[in-house]
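Geometric and topological summary
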Amino acid sequence: MTDGDYDYLIKLLALGDSGVGKTTFLYRYTDNKFNPKFITTVGIDFREKRVAYTASNPNGTATGKTFKVHLQLWDTAGQERFRSLTTAFFRDAMGFLLMFDLTSQQSFLNVRNWMSQLQANAYCENPDIVLVGNKADLADQREVQEKQAKELADKCGIPYFETSAATGAEVDKAVITLLDLVMKRMEQCVDKPPADPANGNGAAKLGEGQPNEKRCAC
Amino acid sequence: MDLSFLHVLERERVLEVLQRDRNLRMIEEERIRKMKCDLQELRRKGAKSYARQYGERTCARCQRPLGKLWNTGAVCRGCSHRICNRCRVGVADWKCTVCYAYREVKIRSGEWFLEERAKKFAATTDKYETIGEKLLKFYCVQRHIAVVPPTPPPHMEYEFRGRFRELKNSKAFTQSMEDLMVCFRSHIKKFSNSQNDVRGDLLTVDPNGKASCFRYSTQKSLSDTDINKSCSLTKRESLPNLFKKSKDSDHESSSTGAEEETSFSSEHSFDHRSSISSISTECGIFEGILVSGEMELAVAYNSSGSCLEITVGGCRNLTYGNSKKKKSHPYVKLYVLPDKNSKMKTSVKKNTTEPVYNEVFKYNIERHLLFGKRLQASVWHSGTLTKKVFLGEVLIPLDAWRQENSSFQGFYWYPLCPKAETLNGVTAENNGH
Ligand SMILES: Nc1nc2c(ncn2[C@@H]2O[C@H](COP(=O)(O)OP(=O)(O)O)[C@@H](O)[C@H]2O)c(=O)[nH]1
Ligand SMILES: [Mg+2]
Ligand SMILES: [Zn+2]
Ligand SMILES: [Zn+2]
């Protein structure tokens, strides 16, 4: 499916406890299908999707320019025994889908741990993250209230979505929101003034040094 | 990081994933390479110079004259040059075409990400290598141990060993592993001796401009002109909208005074980093080193002396020639291609990735003979004993200097590229000392 005909390669990564639905979520996003079987992810995996991205102004209006974005969506195993492998991959991702299971209080409690894992291993201290509460379709089994999760997300200053990989609800929105954050981040990174002003202007060097003719003998 | 904690089957699964990742990465690297080639072309074109009335106010990008009352031009925030209306991108917060292209490439190539990450993980491993790449390299090598015949190494670059030493898992990695790498290396070396052929094809992009093909043909070496041809093929519209504007304005084909380019690049933050480095995996494979940084050169034709005067200003953001020890003793070597007897070298600067040379070289040649000639300026790390490590090169077509009054004479920062072709002179570098 891949050719080089795209404008940006954006690498995102899904993390969170085992069983929260990372693999299923990504499969829903890329293929729009649901797989009710639970197949443990071995260490790491990734899926790809080509999307059209339309840049928007800060006020939210579209600027009209549309780009082709190739998404590489890394899936990680949540299990402890793969931890050293999966966290090593954190450093190569530009944005993160931090997922928990709305029907598991424990998976929500672990969000903080995952946050600190990110802080330690991601490319910067405050990478772009979207908090995702998955399995919203299982309303009767819900253990985590929206308010609770929203509070945490607000505290961390990140967006929060309640998704269902089973129905597809909010799945696209969560990913696109993250993509949008990353795209904005790129612009900020290149537009902020360089930390160290360039010293040494080329033209100034002209006079210095002793222009001596040299020819190598060997 | 290694995969020894996984079961055999699990490891196979992970390696499969990493292999898929590698395929994607190769496409990405090729895309970036083209993007950066286009950018270099844009810079080069912008700097190509023709006769220009002294003192006339012109746009720094297209060289169209600027009026006194209308179209007076305005100063670009990126490079501080006076720019006409036509050479601006954006409305309120506009930039000139070159500044815009720089910014765009930095975003689209993912360079922004590498820069950010380098701030956090300053002195750790290779800036460009992903963890997947690293693991894959290590395991693929290990899995092929049995296949490689144990021949003694003809020569070996210390650097290459150094890189693998970083990768190795101390218990799994033995002396025999190192020997293996050495002969792996020598095989590649043999293979790359016929690089002229390979290169031509590496550069070939299929006419549809789709995925490029890495055909390793058996045809004998390309002549210089063939190489030029295939180089020009690489110019494709990978940044379609981006360069249109400048292309339109280019056919008047006048250009900047190069001294303007100089001040431009020294201010530009993109220049703090490598240009082509992140894409130089092919170079990484051949040489065990990644290319980064730029070289500052001034080229002028001296009519009274009938010679080409090449001033090597310096380099910046070079990779370490010896990444293990984080050391570089760089020097610059010049050739006026295709003349293989034209070798000129600067002095060696010790322990720096930002060497300043300010050395002038003269190459005697009639002006009209510059047609079709190219200046090859390569940076080498002068390692222990006779080991030379390639750090990058710049190839500059000299046709523009055939014009009288060529004002393209000032200093200019050129992005360093992976090795474009093997010359006799270059191969001799390893033996000739
Ligand atoms: N009902 C429901 N089940 C889900 C949802 N997402 C995942 N699952 C199920 O939860 C189990 C674990 O999902 P999986 O994607 O393998 O979790 P991972 O370990 O995070 O990758 C599987 O049986 C899925 O079918 C969802 O949104 N709704
Ligand atoms: Mg999974
Ligand atoms: Zn102009
Ligand atoms: Zn500018």
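- Chain B is annotated in an unreviewed UniProt entry as Synaptotagmin like 3 from Fundulus heteroclitus.
- Turning to chain B, the UniProt annotation filed under Subcellular location (unreviewed entry) states: "Membrane".

- As annotated in an unreviewed UniProt entry, chain A carries the name small monomeric GTPase and is attributed to Fundulus heteroclitus.
- Looking at the Sequence similarities (unreviewed entry) heading of the UniProt record, one finds this comment for chain A: "Belongs to the small GTPase superfamily. Rab family."
- Under the Catalytic activity (unreviewed entry) heading, UniProt states for chain A: "GTP + H2O = GDP + phosphate + H(+)".

**With respect to the overall build of chain B**
- Scanning chain B from terminus to terminus reveals 12 helices and 12 strands.
- By sequence separation, contacts in chain B at least 24 residues apart represent 69% of the contacts at least 6 residues apart.
- Working note: accessible area of chain B is about 18100 Å², and carbon and sulfur atoms make up 54% of it.

**Some words on the sheet that holds strand β7 (residues 330-337) of chain B**
Residues and elements named next belong to chain B.
- Strand order in the open sheet formed by four strands is β8-β7-β10-β11, with antiparallel pairing between adjacent strands. The open sheet has two edge strands, β8 (339-345) and β11 (388-397), and neither has a second partner. Going from strand to strand, the sheet's axes swing by 20° on average, the running direction of each strand aside.
- Two strands pair when backbone bridges link them, and β7 and strand β10 (residues 374-382) are joined in this way by eight bridges, in the antiparallel orientation. Note that in β10 the partner of Leu-337 across the bridge is Arg-374.

**Topic: the coordination of the zinc ion (ligand 3)**
- Within the protein, Cys-59 of chain B (SG), Cys-62 of chain B (SG), Cys-84 of chain B (SG) and Cys-87 of chain B (SG) serve as the donor atoms for the zinc ion (ligand 3), at 2.2 to 2.4 Å.
- Angles of 105 to 117° at the metal separate the four donor atoms of the zinc ion (ligand 3), which places the site in the tetrahedral class.

**Considerations on the side chain of Lys-11 of chain A**
- Within the element layout of this structure, Lys-11 of chain A appears in strand β1 (residues 8-15).
- Residues contacting Lys-11 of chain A, with those up to four places away along its chain left out, are Gln-72, Asp-92, Ala-93, Met-94 and Gly-95 of chain A together with Thr-130 of chain B.

**Concerning the packing of helix α6 (residues 171-191) of chain A against helix α2 (residues 97-108) of chain B**
- Interaxial distance between α6 of chain A and α2 of chain B falls to 10 Å at its minimum, and their mutual angle equals 130°. Between α6 of chain A and α2 of chain B, the angle is such that the two are oblique. Seen from above, α6 of chain A lies across α2 of chain B with right-handed handedness. Packed against α6 of chain A, whose contacting residues are Met-186, Glu-187, Val-190 and Asp-191 of chain A, the element α2 of chain B presents Arg-103, Lys-106 and Ile-107 of chain B at the interface.
- Looking at the contact of α6 of chain A with α2 of chain B residue by residue, the class counts come to three nonpolar, no polar and four charged.

**Observations regarding the pattern of salt bridges**
- Summed over the entire model, instances satisfying the criterion amount to 30 salt bridges over all chains.
- For the salt bridge of Glu-162 of chain A with Arg-142 of chain A, the shortest nitrogen-to-oxygen distance reads 2.5 Å. Of this pair, Glu-162 of chain A sits in strand β6 (residues 160-162) while Arg-142 of chain A sits in the loop between β5 (128-134) and α5 (146-156); the two residues are 20 residues apart in sequence, bridging distant segments of the chain.
- The closest approach of N and O atoms between Glu-30 of chain B and Lys-34 of chain B, which form a salt bridge, is 3.6 Å.

**With respect to the confidence of the model for chain A**
- Of the residues in chain A, 83% reach a pLDDT of 70 or more, and the chain-wide mean stands at 86.
- Every residue in residues 195-218 of chain A is under pLDDT 50, and counting partners more than four places away or in other chains gives 39 contacts.

What counts as what
Residues numbered from 1 in each chain as written. Chains lettered and ligands numbered in written order. Predicted model: local features only at pLDDT ≥ 70, side-chain atom pairs only at ≥ 80, totals over all residues. Heavy atoms only, no water. UniProt positions renumbered as here; feature names shortened; annotations may be inferred. Helix = DSSP H or I, 4+ residues; strand = E, 2+ residues; numbered from the N terminus. Contact = heavy atoms within 4.5 Å. Areas by Shrake-Rupley, 256 points an atom, 1.4 Å probe, with all protein chains shown as cover. Pairing = 2+ DSSP bridges. Axes fitted to C-alpha atoms, helices over the stretch in contact; angles between N-to-C directions. Donors = N, O, S within 2.8 Å, 3.2 Å for Na, K, Ca; no water. Tetrahedral: all angles 85-135°; square planar, octahedral: opposite > 155°, others 65-115°. Parallel < 35°, antiparallel > 145°, perpendicular 65-115°, else oblique. Left-handed = near helix turned anticlockwise from the far one by under 90°. Nonpolar A, V, L, I, M, F, W, Y, C, P; charged D, E, K, R; others polar. Salt bridge = Lys/Arg side-chain N within 4 Å of Asp/Glu carboxyl O. pLDDT = per-residue confidence, 0-100.

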